[in-house]
Amino acid sequence: MVHFVGAGSGAVDLITVRGAELLKKADVIIYAGSLVNRELLSYAKKESVIYDSKDMTLPDVISVMKEAVEKGLEVVRLHTGEPSIYGAVREQMDELDKLGIEYDSCPGVTAAFGAAAALNLEYTLPDVSQSLIITRMEGRTAVPEGEDIESFAAHQASMAIYLSAGMMDKLSARLINGGYKPDTPAAIVYKATWPDEKKVVTTVAQLAEAAAENNIKNLAVVLVGDAVGHEKYDKSKLYSPDFSTEFRAADTKEKSETIICGRVVNRYPEADIFVFTDRAEALAGKIKDQMTELGNISTSVFRSHMDEVKKRLSFSFEEKRAVIFVSASGIAVRCTADFVKDKLCDSPVIVISEDGRYVIPLLSGHIGGANELASELADRMGAFKVITTATDISGGFQLDNYAKSHHLHIADRNLIRNVAAESLADKYQEQGDSDGADKNNEQNNDRKNVDGIKISSVDDIDKYIDKMIEAGGLVPKIYYLGIGCRRNKPYGDIKTAIESFLADNKVDINRLAAIASIDIKKDEEGIRRWAGKERIPFVVFSAEELNSLGEGFSSSETVLEKVGVDNVCERAAVAAAVKFAGEGNCGESLMVKKTVFEGITLALACDRRNNRG
């Protein structure tokens, strides 16, 4: 019998009791000498035969196992951490299956959990992150399509990144490119739980510098996400006095102040799904259900002749709704051809095959969010996502994605093409394809060169962005619009009020980072439609969160009686500034106090620290 045993993350006493007992009984032990703590072999009996697999090939390992089992001996294959994660155990098991040799598995503690213990860390903090992504950078071994660092970074979840300590500079750049802010908390834990463990808490932007200062080049796991900083999070409902459980009644005493967290309710645009067959219509119903789970309250399914489809498409593109075809790609191309204008304003267009196996973003992959939505739908449907955007394929710097996730308006559309061209040229050169680089350069010989800055590291990104802001090519979005309104206020009234308000206060709509309100307005169609059309995040906050901002706001007893907070628009504007920009002084961030229109109130907050133009 062969037992695959997880040795744990390093410390001798972090092997499981079962694993230790198996080691004590083993006649033959094959251990990963380059990674496993050799002191674990102290559990072995004196007569055990021990092999170090660092000098062995797969056939060598299987040969030792086969010979031992044929003699009736017990074999332990001792792997580092948890064997199911980067343990290369499946290939061994497959060979044992061919030989008819029985085996079982004993789990261990993986490095991500050893590192969390070293930092007293919780990955799943309420309203910060409820997911942990364990992954690695591609190196000599590639990663599957759709599993690159940028794709995972876009989720803003907690991440534990293995086997990447020697590529910190690239890792930082790609994490930021994918959506993490440069100051996102990060940590490097070298040889977690070993006697010579090192732990360094830093930021995403400073990963390479921190690793160099501490001479960390390998054997480290990198942790990324706001959970690493554990500064702002909601307390668990499970232990909250005002939360009832099967075993405990809720305490009805007055609640304490909450922490601003809010939630964006229009993360994905509202959608129209177009179908032409019964099979497609059946799948469209399931897709609509998935869109509803994602927060889309007005996803519609259309099945009609081509003229009617094009009439609806005209509306879809005007409103910047997501367009989803459950059909052949050719049909989608022909239907949308007349409406395609500009990558910065086109609707996201996605094609899903009628069998539900493939999800393909065709148009507006970055700015419109087609790539992100396609990835989300593919994951939910168990389908393959087919991403063809050049910078996604090459791993190059994606300025449009960066600008979107860092609240920057692209004032010069040529920037996207120029940066993509530079990134692709660099990629060709890294791969040794000089012809590809030459062709790429020939096609883009008119692009701007920003003071010779080559984007290959976090520092280069910062320099480039600063230069573009100085030149006016990128404009920071620093304003946060708070809104309150009567129920079912028409879109036209909301649009008119907002346009008048912005004009009166000389605020460019392109500098709005978010529109905000109280959570009972999360389904207000007029606000959602305006925010979706302008591609501005619509974030809502609970009455408790708005009240936690304290005093200093306009106050209305009528509003307090109706919604539980004395003012919606001013508090929501400031709450958005706190959430997105980290504004500490709430009073200072409020720029324009409540302005009343017919059934609508508006206010404006500003991220004054980032006001660079």
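Residues numbered from 1 in each chain as written. Predicted model: local features only at pLDDT ≥ 70, side-chain atom pairs only at ≥ 80, totals over all residues. Heavy atoms only, no water.

Next up on the list: the overall build of the protein chain. Across its full length, the protein chain holds 23 helices and 24 strands. Taken over 613 residues, the protein chain has a buried fraction of 50%. Taking contacts inside the protein chain between residues at least 6 apart in sequence as the whole, the part at least 24 apart equals 68%. When the accessible area of the protein chain is evaluated, it comes to approximately 29300 Å², of which 49% is carbon and sulfur surface. (Helix = DSSP H or I, 4+ residues; strand = E, 2+ residues; numbered from the N terminus. Buried < 20%, exposed > 50% of the residue type's maximum accessible area, 1.4 Å probe, protein only. Contact = heavy atoms within 4.5 Å. Areas by Shrake-Rupley, 256 points an atom, 1.4 Å probe, with all protein chains shown as cover.)

Another aspect to go through is the confidence of the model for the protein chain. Averaged over all residues, the pLDDT of the protein chain equals 86, while 86% of them reach at least 70. Note on residues 427–452: pLDDT is under 50 here. Beyond four places in sequence and across chains, it has 26 contacts. (pLDDT = per-residue confidence, 0-100.)

Before going further, it helps to spend a moment on the pattern of salt bridges. Counted under the stated rule, the structure contains 31 salt bridges. Of the charged contacts in the structure, one is a salt bridge between Asp-379 and Lys-385, with a shortest N-O distance of 3.2 Å. The class for Asp-379 is partly exposed, based on a relative accessible area of 46%. The closest approach of N and O atoms between Arg-571 and Asp-566, which form a salt bridge, is 2.8 Å. Asp-566 sits in the buried class, given a relative accessible area of 12%. The network of salt bridges with common partners includes Glu-318, Glu-319, Arg-529 and Lys-533. (Salt bridge = Lys/Arg side-chain N within 4 Å of Asp/Glu carboxyl O.)

Taken together, the four bridges between strand β15 (residues 349–352) and strand β16 (residues 358–363) define a ladder with antiparallel strand orientation. Paired with Ile-352 across the two strands is Val-359, which belongs to β16. Here β15 hands over to β16 after five residues, with Gly-356 in that stretch at a positive phi of 75°. Sheet analysis places β16 next to strand β17 (residues 384–385), joined by two bridges and oriented parallel. (Pairing = 2+ DSSP bridges.)

Before going further, it helps to examine unusual backbone geometry. The backbone phi angle of Gln-156 is positive, close to 60°, even though this residue is not glycine. By the element assignment, Gln-156 lies in the loop between α5 (149–153) and β7 (158–162). The exposure class assigned to Gln-156 is partly exposed, which follows from its relative accessible area of 37%. In the Ramachandran plot, Ser-364 falls in the positive-phi region, its phi being about 55° despite a non-glycine side chain. Locating Ser-364 in the fold gives a position in the loop between β16 and α12 (370–381). Among the residues examined, Ser-364 registers a relative accessible area of 9% and is labelled buried.

With respect to the helices, strands and loops of the structure, Val-301 is situated in strand β13 (residues 300–303). As for Val-301 and Ala-284, which are separated by 17 residues in sequence, their C-alpha atoms are 6.9 Å apart. Once you skip the residues sitting within four places of it in the chain, Val-301 turns out to touch Ile-273, Val-275, Ala-284 and Lys-288.

In this section: the pairing of strand β8 (residues 185–190). Within β8, six of the six residues are buried, which leaves it mostly tucked inside the rest of the structure. Here β8 shows a buried face lined by Pro-185, Ala-187 and Val-189 and a second buried face lined by Ala-186, Ile-188 and Tyr-190. In this sheet, strand β10 (residues 220–224) lies alongside β8 in antiparallel orientation, the contact comprising five bridges. Paired with Ile-188 across the two strands is Val-222, which belongs to β10.

So, on to the sheet that holds strand β2 (residues 28–31). Across a sheet, paired strands are connected by hydrogen bonds in the backbone, their directions being either parallel or antiparallel. In spatial order, the strands read β3-β2-β4-β1-β5; together these five strands make up an open sheet with parallel pairing. Pairing within the sheet leaves two strands with one partner each, and these edge strands are β3 (49–52) and β5 (103–106). Within the sheet, the average angular offset between the axes of one strand and its neighbour, ignoring direction, is 20°. Direction of pairing for strand β1 (residues 2–6) relative to β5: parallel, over a ladder of four bridges. (Axes fitted to C-alpha atoms, helices over the stretch in contact; angles between N-to-C directions.)

Read from one edge to the other, the open sheet built from six strands follows the order β11-β22-β21-β20-β24-β23, with strand pairing classed as mixed. Two strands close off the open sheet at either side, each with one partner strand: β11 (263–264) and β23 (590–597). Helix α22 (residues 569–581) rests against β11, β20 (479–485), β21 (512–518), β22 (538–541), β23 and β24 (600–606) of the sheet, and its axis sits at about 145° to β20.

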